[in-house]
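Letter by letter, the chains look like this.
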Amino acid sequence: MRRILTSNLRERNVRASRRYQSNVAVQLDYYMSPQFGGLAAAVVNGLYDDLDVTFLPTCPVGLEQARVREYQSQNATSTCVGSVEQNIFIPTLHADPSLKVKAVAAMFNQSPLCIASIAELKEGMTIGAHEDTVDLLERIFPRSTVIASPRATKITDLTEGKLDGIQAYTTTEVPTLRRQLGSDPMVVPLEGLNGTKLGYSQTIFASEESLQDDRRAVVSAFLEATFKGWEIVINDPEEGIKMVREAQKALGLDDESNDHWFDSAEYQVEMLRECNGFVQGTSKDGKLGVINPERWNEASNWLLENPNTVKDFGLDPSLW
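Residues numbered from 1 in each chain as written. Predicted model: local features only at pLDDT ≥ 70, side-chain atom pairs only at ≥ 80, totals over all residues. Heavy atoms only, no water.

J.: Which parts of the structure should I look at to understand the sheet that holds strand β8 (residues 165–169)?
T.: By definition, the strands of a sheet pair up through backbone hydrogen bonds, in either a parallel or an antiparallel sense. Spatially, five strands are ordered β7-β6-β8-β5-β9 in an open sheet, and the strand pairing comes out mixed. Looking at strand neighbours, the two that pair on one side only are β7 (145–148) and β9 (186–189), the edges of this open sheet. Each adjacent strand pair in this sheet contributes to an overall mean axis angle of 35°, direction not counted. Judged from the four bridges that link them, strand β6 (residues 126–129) and β7 form a sheet pairing that is parallel. By the bridge assignment, Ala129 is partnered in β7 with Ala148. Contacts from helix α7 (residues 173–181) reach β5 (113–117), β8 and β9, with the element oriented near 120° to β8. (Pairing = 2+ DSSP bridges. Helix = DSSP H or I, 4+ residues; strand = E, 2+ residues; numbered from the N terminus. Axes fitted to C-alpha atoms, helices over the stretch in contact; angles between N-to-C directions. Contact = heavy atoms within 4.5 Å.)

Pasting the structure below:
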């Protein structure tokens, strides 16, 4: 494995691990891919070694917070973190406060969520969405029919005419469709559409227990290593893709069969570059991953359709 870890970072991670004696369990909201390029670089370059990081198996969409809560309940002394989009995180936590999780950082400054189609979307057309996003799209497109559709076959369902539009990401399905169609698909970004505020994407959250006592420093060390990893792939996307592939093999988190990946290094580098742009958008004073509480609160108000949502709901604004 590659070793390009700075001595200062290693010293801080060693102190966190040895002093607090807590392993870190990570629940990603998708398979290891370029959208987790920074974590892949951290794995491959040994940035997590002293934190004893374990990646949990992938889970059904929308259950990331529940899986973190379940793991924390069964492993009381562990530090538990996960990733999910703010537009999933906030409504899920609001519906079930017993999940007891808080966001601490974000890998993407905004959501790459969009609707992709071959022809222009019109009223009454059918849009396929992931199960955890149906309600959101029904709100944004009240005059369309939104149905839950399989994530693994959505490109095929679109090109074969079974769906008029699909939930997509500008970082993933859009580049795939461009290659399959030989031209750019129709793309409607959701952020800002008719006032839509989805907030941050690839939000990193932690169980409340992990933000108390000595484990708070462990979460901070995990974030430091993660965003150091992002710096690596931002500086060299071509090498970053090699790291993603190596991390996939090491973690065994690349086993999804779907039709929205294009099997070429050029495609994967393009995807990583797109992700890198979102990550760079989180920078504040040279520090990646920073959540602006004002933006967080604006999105939470919109997502819950409540202008008086509790300030910093679901957010720990002081850790990172």
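J.: For this particular structure, what's the right way to read the pattern of salt bridges?
T.: Any two side chains of opposite charge can pair, on the condition that their charged atoms come close. Inspection of the entire model under this criterion finds 14 salt bridges. The partner of Glu123 in a salt bridge is Arg143, and the shortest N-O contact between them spans 3.0 Å. Pair noted here: Glu123 is in the loop between β5 and β6 and Arg143 is in the loop between α5 (134–140) and β7, with a separation of 20 residues, a long-range link. Residue Glu123 is classed as exposed on the basis of its relative accessible area, which comes to 60%. (Salt bridge = Lys/Arg side-chain N within 4 Å of Asp/Glu carboxyl O. Buried < 20%, exposed > 50% of the residue type's maximum accessible area, 1.4 Å probe, protein only.)

J.: Just to check I follow, could you spell out the sheet that holds strand β3 (residues 79–84) for this structure?
T.: The strand order β2-β1-β3-β10-β4 describes an open sheet built from five strands, whose pairing is mixed. The two strands at the open ends of the sheet, each matched to only one other strand, are β2 (53–55) and β4 (101–108). The sheet shows a mean angle of 25° between the axes of neighbouring strands, taken without regard to direction. Here four bridges tie β3 to strand β10 (residues 201–207), and the two strands are oriented antiparallel to one another. Paired with Gly82 across the strands is Phe205, a residue of β10. Sitting on the sheet, helix α3 (residues 64–74) is in contact with β1 (24–27), β3, β4 and β10, with an inclination near 175° to β3.

J.: Sorry if this is basic, but what is going on with the side chain of Ser144 here?
T.: Among the structural elements, Ser144 can be located in the loop between α5 and β7. Accessibility expressed as a relative area gives 18% for Ser144, which makes it buried. What Ser144 contacts, discounting residues up to four positions off in sequence, is Lys122, Gly124, Met125 and Ile127.

J.: Looking at this model, I keep getting lost on the side chain of Asn87. Mind explaining?
T.: Position of Asn87 among the secondary structure elements: in helix α4 (residues 86–95). Ignoring sequence-local partners within four residues, the contact set of Asn87 consists of Ser111, Leu136, Leu198 and Leu303.

J.: Can you walk me through the layout of surface pockets in this structure?
T.: Approximately 350 Å³ is the volume attributed to the largest pocket. Along its surface, the largest pocket is lined by 17 residues, and Asn87, Pro91, Asp132, Asp135 and Leu136 are the ones closest to its centre. Going through the elements one at a time, α4, α5 and α11 (293–303) are the ones with two or more residues in the lining of the largest pocket. (1 Å grid on protein atoms, 1.4 Å probe; cavity = no way out; pocket = protein on both sides within 12 Å on 5 of 7 lines; lining within 4 Å. Points joined across faces, edges and corners; volume = space filled by probe spheres on them.)

J.: Can you help me understand the packing of aromatic side chains in this one?
T.: Any two aromatic rings considered together are summarised by their centre-to-centre distance and by the angle between their planes. Enumeration over the complete set of coordinates arrives at seven aromatic pairs. Here Tyr30 and Tyr31 contribute two aromatic rings whose centre-to-centre distance is 5.9 Å and whose plane-to-plane angle is 85°, an arrangement assigned as edge-to-face. Tyr31 carries the same exposure label as Tyr30, and that label is buried. Between Phe89 and Phe205, the aromatic rings sit 5.5 Å apart at their centres with planes inclined by 45°, giving tilted as the arrangement. Note that Phe89 is positioned in helix α4 and Phe205 in strand β10, a separation of 116 residues in sequence. Among the aromatic residues, those joined into a cluster by ring pairs are Tyr48, Phe55 and Phe222. Over the face of the ring belonging to Trp320 we find Lys287, whose NZ or CZ atom lies 4.0 Å from the ring centre. Sitting above the plane of the Tyr200 ring, Arg295 keeps its charged end 4.4 Å from the centroid. (Phe/Tyr/Trp six-rings, centres within 6.5 Å; stacked < 30°, edge-to-face > 60°. Lys NZ or Arg CZ within 6 Å of the ring centre and 35° of its normal.)

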